[in-house]
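# Reading the structure
So the chains spell out like this:
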Amino acid sequence: MRHTFACTLRWSDMDAFGHVNNVVFLRYLEEARIDFMFRLARKADSGAFTGGSVVARHEIDYLRPLVHRHEPVTVETWVTKVGAASATLAYEIKDDTTVFVRASTVVVPYDLERERPRRLSSEEKSFLEEYFDDSAGPAAPGLR
């Protein structure tokens, strides 16, 4: 199963070359990840990720330029790895005909009070495993 997020493009997302700036794609991934981990996960378990989480790694492959338009793009998010203290999320940013970006993020649950990483709770693991899909391989080349 994959999480689908409709992401609206803003005029300010464009760079001098007339397409979405590479840094802005990180914001799109963030919006989808926040919707997945904080809205959807907490809907399944009110305590999920309440202690916080941090990004340990991003990897992005830019496949096609994306220019401003009024229709949102789709950000699909799924899980490719669940460990004791981290999870790897994969993404595609696309529309009906084109994949613009493939990416992945390693997320580490974090204890904000103690200011250190923590282990995933059993509820968080269960939630993440519902979205596990490694059938397409890693979202970005080189990620395992």
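Below is a summary of the structure that appears in this document. Being a predicted model, the structure only gives us computed values, none of them experimental.

### Remarks on the overall build of the chain
Regarding its fold elements, the chain presents two helices and six strands. The order of helices and strands in the chain, counted from the N terminus, is β-α-β-β-β-β-β-α. Radius of gyration (C-alpha) of the chain: 15 Å, near the 15 Å computed for a compact globule of 144 residues. Each principal axis of the C-alpha atoms in the chain carries an extent, and together these give about 45 × 30 × 25 Å.

### Some thoughts on the pattern of salt bridges
Scanning all chains against the criterion turns up 11 salt bridges. When the shortest N-O distance is used, the salt bridge between Arg 2 and Asp 133 registers 3.4 Å. Linking Arg 2 in the segment before strand E1 (3-7) with Asp 133 in the segment after helix H2 (122-130), this pair joins segments that are 131 residues apart in sequence. Shared partners join several salt bridges into a network, and the residues in it are Arg 2, Glu 76, Glu 92, Lys 94, Arg 102 and Asp 133.

### Let's talk about helix H1 (residues 22-44)
Look at H1: 33 Å from first C-alpha to last across 23 residues, which is about the 33 Å you get at 1.5 Å a residue. Buried within H1 we find Val 24, Phe 25, Tyr 28, Leu 29, Ala 32, Arg 33, Asp 35, Phe 36, Met 37, Leu 40 and Ala 41. Two or three places before Val 23, at the start of H1, stands the capping residue Asn 21, its side-chain oxygen 2.9 Å from that residue's backbone nitrogen.

### Considering the nonpolar core
Ranked by size, the top nonpolar core spans 33 residues in total, and within it Val 20, Tyr 28, Phe 36, Leu 66, Val 75, Ile 93 and Leu 128 carry the most contacts. Among the elements that line this core, the one with the most residues is H1, at nine residues. If we ignore the near neighbours within four places in the chain, the residues touching Leu 128 are Phe 36, Phe 49, Val 79, Val 82, Ala 87 and Leu 120.

Reading the values: rules and limits
Residues numbered from 1 in each chain as written. Predicted model: local features only at pLDDT ≥ 70, side-chain atom pairs only at ≥ 80, totals over all residues. Heavy atoms only, no water. Helix = DSSP H or I, 4+ residues; strand = E, 2+ residues; numbered from the N terminus. Rg over C-alpha atoms; globule rule 2.2 N^0.38 Å. Salt bridge = Lys/Arg side-chain N within 4 Å of Asp/Glu carboxyl O. Expected span 1.5 Å × (residues − 1). Buried < 20%, exposed > 50% of the residue type's maximum accessible area, 1.4 Å probe, protein only. Polar contact = N/O pair within 3.5 Å; in protein donor to acceptor, adjacent residues only side chain to side chain. Core = buried A, V, L, I, M, F, W, Y, C linked by side-chain atoms within 4.5 Å. Contact = heavy atoms within 4.5 Å.

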